[in-house]
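Structural features, examined
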Amino acid sequence: MSRWLSSIALVIITSFFLFPFEFTFLPGVNTKMALAALGVCMFGFNHLKEGRQSIKKEEIELLVLASLVSVVSFLSAVINNTHDMTYAGYIISMLVWVFGAYAVIELIRLIQGDVNITTASRYLVAVCVFQCVIALVIDNSPAFKDLVNRYVAGMGFIDMQRLDGTERLYGIGCSLDVAGTRFAAVLVILSQLLLYTKKDDTLTRYLYILAFFVIVLVGDMISRTTILGAALAVLLFVLHMNQRTSQQSKKRSIITNFLSIGLAVVAISVVLYNTNPVFHRNVRFAFEGFFSLAEKGSWETNSNTILKNMVVFPESLKTWIIGDAYMVNPHSSDPYYVGQFYHGFYKNTDIGYLRFVFYFGIVGLLVFSWFFVAVCRQLMKRFPHYKLAFILITLLNFIIWFKVSTDIFLIMAYYLCVPKEGPEQLVQNETNLPDQLTL
């Protein structure tokens, strides 16, 4: 019983990191910040105890790159004489995520006695499944919805409405594209976990596959960005499965299990789609593009139509190089702004790449991209068996920027705090892998 309670507590703590929020009775302090403060204390205590005084080369590299993002942002604001410092404090934001992740990983280690990449990954998956379940409960229980809305602060927790009036699902700190990006990244990790299951561990394999379909189905109801992660997860699976001819029985078993559970999920979904009006509404929103393709012969979604109208490019060379130093709407952030009025973000665009260019130009965009490539490279060195997963998560980040400007560094920060694989773990992982992809 105590083991189950400790596991549930760790899932909640990990959710505080992955989907941070504020309590209405503690305004200004979100769960991520609280974990970061705890992480600083734990980090300091551990390093004093271990007597470690130097900073590793890879840690310095990431600190320098994050600092460069802040410097470029600050210079853009100075050159353009604006007050928008959205990314000028990125080095601080990066450290908050890292120390928050450090607190979570240390708590897992202290409570469970040990932590490795598999254990850490399982908690991310458990959190996403937990949020999907919570979202369904909120959607179907007015009393629980009122309870959540009463104590959880922020726009992501009100009854979100799309332009056509359709309600979106949301969890606790889990909503919109922020939720979708994290669901998508975890789906890639989940695909990697599935490949690592032992041949005779059928129960774990079934749980992974069931979690995959829960996150895809309900996650898409919360944010359709989730589907990108599903596509990349399948790509990772296919690339691994086609590498070698060894362990064919295990491959066939995984595929069989996946198809059997998938067909069961589809069958249940079809029944609910035709009998439950709420589920019918949510499914049509989640897979609007697929329904449009089947019914109209073309892929049409409300968000794609909106994005087409947001394509606008800089008109001056200065903007292309260093930007205009506006990330948010200047009418709400700059009291001295007298330019054109925008109803949404600056230049009426929500497209990530364009927002970055308008904020700190190509220079800032390249530095910011370099930062994520550097993080990915370090994670590949720390965990060689997960290198393809980290490549695809980094690719996911760059794909998402075609839609919004959010990033998924928190996922990377989480794994930066997981203990590095040692020789014994590498040998053990070799016995569990169906194939090794050479990159």
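Let me begin by describing the structure that accompanies this report. Position labels on residues start from 1 in each chain and follow its written sequence. Since the coordinates come from a predicted model, pLDDT governs what is reported: local features require at least 70, and pairs of side-chain atoms require 80 or more to be given and counted, while whole-chain, interface and lining totals use all residues. The side-chain values count all of the structure's non-hydrogen atoms but skip hydrogen atoms and water molecules.

Attention now moves to the overall build of the chain. Counting from the N terminus, the helices are DSSP H or I runs at least four residues long and the strands are E runs at least two residues long. From N to C terminus, the chain includes 19 helices and two strands. The buried share of the chain, reckoned over its 439 residues, is 51%. Only heavy atoms enter the contact rule, under which two residues are in contact if any of them lie within 4.5 Å. If you take every contact in the chain between residues at least 6 apart in sequence, the share linking residues at least 24 apart comes to 75%. Working note: accessible area of the chain is about 20,800 Å², and carbon and sulfur atoms make up 67% of it. Any residue under 20% of the maximum accessible area for its type is buried, any over 50% is exposed, and the rest in between are partly exposed; the area is computed with a 1.4 Å probe on protein chains only. Note on areas: Shrake-Rupley, 1.4 Å probe, and residue coverage restricted to the protein chains presented here.

Right, let's talk about the pattern of salt bridges for a bit. Salt bridges are counted wherever a side-chain nitrogen of Lys or Arg sits within 4 Å of a carboxyl oxygen of Asp or Glu. Under the definition given, this model contains seven salt bridges. Across the pair Glu-61 and Arg-377 runs a salt bridge, and its minimum N-O distance is 2.5 Å. Remark: Arg-377 occurs in helix α16 (residues 352–382) and Glu-61 occurs in helix α3 (residues 57–80); sequence separation between them is 316 residues. A salt bridge links Arg-109 to Glu-106, with the nearest nitrogen and oxygen atoms 2.7 Å apart. Of the two residues, Arg-109 and Glu-106 both sit in helix α4 (residues 90–112), three residues apart, roughly one turn of that helix. In this structure Arg-109 comes out as partly exposed when scored by relative accessible area, which is 30%. Exposure remark for Glu-106: the relative accessible area of 11% places this residue in the buried category.

The next point concerns the packing of α4 against helix α18 (residues 409–416). Contact geometry for α4 and α18: axes closest at 8 Å, N-to-C directions at 50 degrees. The pairing of α4 with α18 is recorded here as oblique in orientation. When you trace α4 past α18, the crossing you get is right-handed. Where α4 abuts α18, its residues Tyr-90, Met-94, Trp-97, Val-98, Ala-101, Val-104, Ile-105 and Ile-108 lie against Phe-409, Leu-410, Ala-413 and Tyr-414. Under this scheme, a helix contributes an axis fitted over its contacting stretch, all axes are lines through C-alpha atoms, and angles between N-to-C directions fall in the 0 to 180 degree range. Put simply, angles under 35 degrees are roughly parallel, angles over 145 are roughly antiparallel, angles from 65 to 115 are roughly perpendicular, and the rest are oblique. Note on convention: near helix rotated counterclockwise from far helix by under a right angle means a left-handed crossing. Clockwise means right-handed.

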